[in-house]
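Examination of the molecular architecture
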Amino acid sequence: MTEKDFIPSAYTKDKIEGKVTYRSPSNIALVKYWGKKDNQIPANPSISFTLDTCATTTTVSYKKLDKKISDFSFDLLFDGKPKEDFKPKISAFFKRTELYLPLLKAYHFTIETSNSFPHSSGIASSASGMSALALCLMELERELNPDMEADFFYQKASFLARLGSGSACRSIEGGLMQWGEHKDTPNSTDLFAIKNPYKLHPVFKDYQDTILLVDKGSKQVSSSLGHNLMHNHPFAEQRFDQAHKNLSKLKSVFEEGNLLEFIKIVESEALTLHAMMMTSMPYFILMKPNTLEIINKIWAFRATTKTHVCFTLDAGANVHVLYPEKEKEKVYQFINNELVAYCENGQYICDQIGNGAEKL
Ligand code: PMV
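Now for a quick tour of the structure. Fair warning: this is a prediction, and the values are worked out from it, not measured in the lab.

**Remarks on the pattern of salt bridges**
Throughout the structure, instances matching the rule amount to 15 salt bridges. Two residues, Lys 156 and Glu 141, come together in a salt bridge whose shortest N-O distance is 2.8 Å. Here the residue Lys 156 occupies a position in helix H3 (residues 150-164), and Glu 141 occupies one in helix H2 (residues 126-144), the gap between them amounting to 15 residues. Note on Lys 156: relative accessible area 0%, which makes it buried. Between Lys 183 and Asp 184 there is a salt bridge, with the nearest N and O atoms lying 3.3 Å from each other. Assessed through its relative accessible area of 73%, Lys 183 is described here as exposed. On the basis of relative accessible area, Asp 184 is assigned to the partly exposed category, the value being 29%. Residues joined by salt bridges that share partners form a network here, namely Glu 139, Arg 142 and Lys 359.

See the structure below:
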């Protein structure tokens, strides 16, 4: 498949106005995407758990314009109120996707969006937000081209979401989602995310993720800037190679349910991501002292209890605590007794692997 396959031929149906709502989850990468080429093409493949509780709900109301216009026409509401500062991001997304969605200039859109997680929680809403928006627009395209096949619908939604925010392409469907060409994964592509095609051991089917909110402030360095610093990064090639190798190793880990190996790969990926930040030029640190306190507590707890709790990080200070469902009781107790103290205002969010976006 190539980009060209996503350029639609003339629409076969007409639609004057309508409304569509999608709820789309966030995701947490196990093998991280960090570094990209032009057009949101990832420098290395990545894989993530689709989450369940952390999600964005977006309603797009559309009304056909009398004639095609030269610029995009849309209003944006966040939590029911107009949100002007979100508009440039949406305009940029429309510009990037216009070739694939000619309908963008034929309608006026009202986009209403809200998140299930607190606004300033330090949880990025770009993955859930961009995937929800992409799905709503695809739903309109399906109205205009009703013969569209289900597979194509999801592939194109993921493709469009990727153009909004790379990791958003992994938030369309549930379970384990893989994005980026990888020699050991048939049908893997840089264009959109695919469902992990291998057998998945039952232990991973209801894996838990408790997100400890260590620092709810906004990031000092955006992920776009961070991705760019991987150009001319002294360790870039080794890092990209490592991501490929980790993905290959995960294949049997997922099939066999090998939790010890899973922990090694996932924690190493998280620390490598932050090591890349610390060794880029300019260098930066997104972890906070409490991030490290929590990591050390997790290591000590795992060593004494022989449970399988581990951590991962995204581009921020918050810690994702990952563990099998059957260890939930013990880990909850541990979080409440030992980790909550390191969270801002004692806040954390209990999440788990989810089924992907849904139309409401
Ligand atoms: O999708 P972006 O551009 O916000 O990048 C996300 C990068 C990480 O969250 C750090 C890793 C990942 O693969 O999700």
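Now that the structure has been shown, the text picks up again.
**Topic: the sheet that holds strand S10 (residues 208-212)**
Sheet architecture is open: four strands sit in the order S11-S12-S10-S13, paired in antiparallel fashion. Strands at the two margins of the open sheet, each flanked by one partner only, are strand S11 (310-313) and strand S13 (348-352). This sheet shows a mean twist of 25° between the axes of neighbouring strands, independent of strand direction. Here five bridges tie S10 to S13, and the two strands are oriented antiparallel to one another.

**What to know about unusual backbone geometry**
In the segment running from Met 281 into Pro 282, the intervening peptide bond is cis, with an omega of 0°. Summarising the element assignment, Pro 282 is placed in the loop between helix H6 (259-278) and helix H7 (289-305). The backbone of Asn 345 sits at a positive phi, close to 50°, despite the residue not being glycine. Examined against the element boundaries, Asn 345 turns out to sit in the loop between helix H8 (328-339) and S13. By relative accessible area, Asn 345 is classed as exposed at 63%.

**A short note on the site of the ligand**
Around the ligand, a shell composed of 13 residues is seen, among which Tyr 33, Ser 167, Arg 170, Ser 223 and His 227 lie nearest. Between an oxygen atom of the ligand and a main-chain N or O atom of Tyr 33, the distance comes to 2.9 Å. At 3.0 Å from an oxygen atom of the ligand is found a side-chain nitrogen or oxygen belonging to His 227. Considered class by class, the residues forming the shell around the ligand number five nonpolar, five polar and three charged. For the shell around the ligand, the domains that each give at least three residues are domain 1 (3-197) and domain 2 (203-352).

**Here's the deal with the nonpolar core**
Proteins that are soluble and globular tend to have nonpolar side chains buried together. Counting residues in hydrophobic clusters, the biggest one holds 43 residues, and the most contacted among them are Phe 94, Phe 109 and Ile 111. Elements supplying a minimum of two residues to this core: strand S1 (17-31), strand S4 (46-64), strand S5 (73-78), helix H1 (87-97), strand S7 (107-115), H2 and H3. In terms of residue count, the dominant contributor to this core is H2 (ten residues). With sequence-adjacent residues up to four places away left out, Phe 109 is seen in contact with Val 60, Ser 61, Tyr 62, Ser 73, Phe 74, Asp 75, Phe 94, Leu 103, Leu 104, Leu 137 and Leu 140.

What counts, and where the lines are drawn
Residues numbered from 1 in each chain as written. Predicted model: local features only at pLDDT ≥ 70, side-chain atom pairs only at ≥ 80, totals over all residues. Heavy atoms only, no water. Salt bridge = Lys/Arg side-chain N within 4 Å of Asp/Glu carboxyl O. Helix = DSSP H or I, 4+ residues; strand = E, 2+ residues; numbered from the N terminus. Buried < 20%, exposed > 50% of the residue type's maximum accessible area, 1.4 Å probe, protein only. Pairing = 2+ DSSP bridges. Axes fitted to C-alpha atoms, helices over the stretch in contact; angles between N-to-C directions. Near = heavy atom within 4 Å. Polar contact = N/O pair within 3.5 Å; in protein donor to acceptor, adjacent residues only side chain to side chain. Nonpolar A, V, L, I, M, F, W, Y, C, P; charged D, E, K, R; others polar. Domains from an automatic or database assignment. Core = buried A, V, L, I, M, F, W, Y, C linked by side-chain atoms within 4.5 Å. Contact = heavy atoms within 4.5 Å.

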